[in-house]
Amino acid sequence: MFQDLLLSRRELLRKSALMCLAASQDWILPAAPRFQLGACDWSVGKALNPEAFDRAKQIGLQGIQISYNTSKDQAGLSVPTTLQSIKEASTRTGVKISSLAIGELNRVPYKSDPRTEEWVWNSVNAAKELGVKVILLAFFSDGDLRNDEKGKKAVIERLKKVAPHAEKQGITLGIESYLSGQEHLDIIHAVGSKAVKVYYDFRNSVDAGHDIFKEIPMLGKEMICEIHMKENGQRLGQGTLDWPRIAEAVKKIDYSGWMQIEGATPPGADLVESYQQNRTYLESLFSFK
C-alpha cells in the first residue's frame, strides 16, 4: 500500500517536473486534433448496423455517424438492445460514434407527421446515452422546406418544444436542407435556442444555387455544428466542388469538429476503396492526427 502511494507520488512529481521544464523552455505540447473524420452509416451500406463500425475501421476512419432509425426499424436507438449493440461495436472496434442522424425525416416529414416529434425527442435521449453531441435532422424529398412557409412554421413550433430538452442534455439539433444560409438562420432565430444549428453540406448548397463561399463565413463556426463531405456519385476531388478553396474557407472560420463523408462513390466502384481514397484526399487538405 505504502509502496503504491510512493510510486503514485513519484509519477505525479515526474509529470509536474516535465510540465515545468516544457514551460521554461517554451515547449509546445501536442494539441488535440482540430478535425475528426467519419462517414454516414447509410453511405457505407450499414444503416443502424453494428457492422458500420467494422467498415469504418477498414476504411481508416475515426468515427461513424449512426442513423437513429430506419424505415424498417422506426424505434431504432430507442430500443435498449439496439442502442447497446451500437455501444458495444464502438468499444470493440475503437471507432467513435461521431453523431446521430434522422434520415427517415426525408420520407416521414418533421413538418407534418406527428410521429417525428417523438423520434426527435427520443433521439436526444439516445444521443445523451451514447455520449454524442450532434443530431442531424434531414429536410429533403418529402420533408423539403423550400417555398413552404407553412412547413417552416410547423418545424419552428416543433423545434421550440424539443429545444429545451436538447439544451438540458447538451445536445445540438442540426438542420440539413436545401434552404439558404439566411433561411436557416431565420428558423434558428425564430426557435430562439442555442441547441439548434446548421448541419452544413457544401454539395447540397451548391446544388440549390447558393454561394457557399458567402454562406460559410456568414454562418461561421457558431452556427455550423457539423459538416458533410460529398460529391454525389464522384470521389472527393473528382467532382465539381473546389475542395482546396472549401478547406481554406472552413479553416478561416476556425471550425473544428467532425466531418462526415457521404455519397462519394462512383457508380460500380468498390465502396471501401473509394472511401479510402476519399479519406486520403481529405487528409491532404485537413489534419486529422
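Residue numbers run consecutively from 1 along every chain, following the written order of its sequence. Since the coordinates come from a predicted model, pLDDT governs what is reported: local features require at least 70, and pairs of side-chain atoms require 80 or more to be given and counted, while whole-chain, interface and lining totals use all residues. Note that the side-chain values use all heavy atoms of the structure and ignore hydrogens as well as water.

Some remarks on the sheet that holds strand E2 (residues 63–67)
Okay, so step 1: Only strands joined by at least two bridges in the DSSP assignment are considered to pair. Strands here are runs of E lasting at least two residues and helices are runs of H or I lasting at least four, both read from the DSSP assignment and numbered beginning at the N terminus. The strand order E1-E2-E3-E4-E5-E6-E7-E8 describes a closed barrel built from eight strands, whose pairing is parallel. The mean angle between the axes of side-by-side strands here comes to 30°, regardless of whether they run parallel or antiparallel.
Okay, so step 2: Pairing between strand E3 (residues 96–102) and strand E4 (residues 134–139): three bridges, direction parallel. What sits directly across from isoleucine 102, in E4, is leucine 137. Only the contacting stretch of a helix is used when fitting its axis, a line to C-alpha atoms as for every element, and angles between N-to-C directions run 0 to 180 degrees.

Remarks on the side chain of glutamate 226
Okay, so step 1: With respect to the element layout, glutamate 226 can be found in strand E7 (residues 224–229).
Okay, so step 2: Nearest to the buried, unbridged glutamate 226 among oppositely charged side chains is lysine 197, at 11 Å.
Okay, so step 3: Under this definition, polar contacts are N or O atom pairs within 3.5 Å; protein pairs additionally need one hydrogen-donor-capable and one acceptor-capable atom, and for neighbouring residues in sequence, both atoms have to be side-chain atoms. Side-chain polar atoms of glutamate 226 contact the side chain of tyrosine 199, separated by 2.7 Å.
Okay, so step 4: If we skip the residues at most four places from it in the chain, glutamate 226 touches Gln65, Ser98, Ser99, Val134, Val198, Tyr199, Tyr200, Tyr255, Trp258 and Gln260. The buried label goes to any residue with under 20% of its type's maximum accessible area, the exposed label to any with over 50%, and the partly exposed label to all in between, with areas taken from a 1.4 Å probe on protein chains only. Neither His nor the chain ends is counted toward charge; the positive residues are Lys and Arg and the negative residues Asp and Glu. We define a salt bridge as a side-chain nitrogen of Lys or Arg found within 4 Å of a carboxyl oxygen belonging to Asp or Glu. Two residues qualify as a contact provided that any one of their heavy atoms is within 4.5 Å of a heavy atom in the partner residue.

Some thoughts on the packing of helix H6 (residues 181–191) against helix H8 (residues 212–223)
Okay, so step 1: It is at 10 Å that the axes of H6 and H8 come closest, and there the two elements cross at 35°. The two elements H6 and H8 meet at a crossing, and its hand is left-handed. The segment H6 lies against H8, with Gly181, Gln182, Leu185, Ile188 and His189 engaging Glu215, Met218, Leu219 and Met223.
Okay, so step 2: Here the nonpolar group is Ala, Val, Leu, Ile, Met, Phe, Trp, Tyr, Cys and Pro; Asp, Glu, Lys and Arg are the charged ones; every other residue, Gly included, is treated as polar. Partitioned by chemical class, the residues of the contact of H6 with H8 number five nonpolar, three polar and one charged. Working rule for handedness: look at the near helix, and if it is turned counterclockwise from the far one by less than a right angle, call the crossing left-handed; if clockwise, right-handed.

Re empty space enclosed by the protein
Regions of empty space are outlined by a rolling probe, equal in size to a water molecule, passed over the atoms.
Okay, so step 1: With a 1 Å grid spanning the protein atoms alone, the term cavity applies to any set of points in which a 1.4 Å probe fits but cannot get out, the term pocket to an open set with protein on both sides within 12 Å along at least five of seven lines, and the term lining residue to any residue with an atom within 4 Å of a point. Grid points are joined across faces, edges and corners, and a volume is the space filled by probe spheres set on the points. Evaluation of the coordinates by the stated rule reveals one cavity of 30 Å³ or more.
Okay, so step 2: The computed volume of the largest cavity comes to approximately 40 Å³.
Okay, so step 3: Looking at the lining of the largest cavity, the elements with two or more residues in it are strand E5 (172–177), strand E6 (196–201) and helix H7 (202–207).
Okay, so step 4: Sort the elements by how many residues they give to the lining of the largest cavity and E6 lands first, with four residues.
Okay, so step 5: When the residues that make up the lining of the largest cavity are grouped by side-chain class, the tally is four nonpolar, four polar and two charged.

Quick notes on the pairing of E6
Okay, so step 1: Burial analysis of E6 places five of its six residues in the buried class, the great majority of the element.
Okay, so step 2: Judged from the three bridges that link them, E5 and E6 form a sheet pairing that is parallel. Paired with glycine 174 across the two strands is lysine 197, which belongs to E6.
Okay, so step 3: By convention, a crossover is right-handed whenever its connection, traced from the first strand over the helix to the second and viewed with the strands pointing away, goes clockwise. Viewed along the sheet, the connection from E5 through H6 into E6 turns out right-handed.
Okay, so step 4: Note that E6 and E7 share four bridges and pair parallel. Within E7, the residue paired with valine 198 across the bridge is isoleucine 224.

Here's the deal with the packing of aromatic side chains
Okay, so step 1: Between the rings of Phe, Tyr and Trp (Trp by its six-membered ring), a pair exists once the centres lie within 6.5 Å; its type follows the angle of the planes, with under 30 degrees stacked, over 60 edge-to-face, and the other angles tilted. With the rule as written, the count across this model stands at seven aromatic pairs.
Okay, so step 2: Put simply, the rings of Phe35, Tyr255, Phe286 and Phe288 touch in pairs and so form one group of aromatic residues.
Okay, so step 3: Positioned above the aromatic ring of phenylalanine 213, the side-chain terminus of arginine 245 is 3.8 Å from the ring centre.
Okay, so step 4: Comment: the charge-over-ring label is applied if NZ (Lys) or CZ (Arg) is within 6 Å of the ring centre and within 35 degrees of the ring normal. Lying over the aromatic face of phenylalanine 286, lysine 251 brings its terminal NZ or CZ to 5.6 Å of the ring centre.

Focus on the confidence of the model for the protein chain
Okay, so step 1: Looking at the protein chain as a whole, the pLDDT averages 92, with 88% of positions reaching at least 70.
Okay, so step 2: Per residue, pLDDT measures the predictor's confidence, with a range of 0 to 100. Contacts from residues 2–7, a stretch scored under 50 in pLDDT, to residues over four places away or in other chains number zero contacts.
Okay, so step 3: Across residues 21–30, confidence stays below pLDDT 50; counting only partners more than four residues off in sequence or on other chains, it has three contacts.

What about the nonpolar core?
Okay, so step 1: Definition used in this section: a nonpolar core is a set of buried Ala, Val, Leu, Ile, Met, Phe, Trp, Tyr and Cys residues joined via side-chain atoms within 4.5 Å. Leu100, Leu159, Phe202 and Phe286 are the most contacted members of the largest nonpolar core, which has 78 residues in total.
Okay, so step 2: The contacts of phenylalanine 202, once residues within four sequence positions are left out, are Ile212, Ile216, Ile227, His228, Met229, Leu241, Trp243, Ile246 and Val250.
Okay, so step 3: In this structure, Val134, Leu136, Ala138 and Cys225 belong to the second largest nonpolar core, which totals seven residues.

A closer look at the pattern of salt bridges
Okay, so step 1: Summed over all chains, the structure comprises 19 salt bridges.
Okay, so step 2: Where arginine 146 meets aspartate 144, a salt bridge forms, and the shortest distance between an N and an O atom there is 2.7 Å.
Okay, so step 3: Residue class for aspartate 144 comes out buried when judged on its relative accessible area of 16%.
Okay, so step 4: A salt bridge links glutamate 231 to arginine 203; the shortest N-O distance between them is 2.9 Å. With glutamate 231 in the loop between E7 and helix H9 (243–252) and arginine 203 in helix H7, this residue pair connects regions lying 28 residues apart in the sequence. Each member of the pair glutamate 231 and arginine 203 is classed as buried.
Okay, so step 5: Each of the salt bridges in this network shares a partner with another, and the network as a whole consists of Arg34, Lys221 and Asp254.

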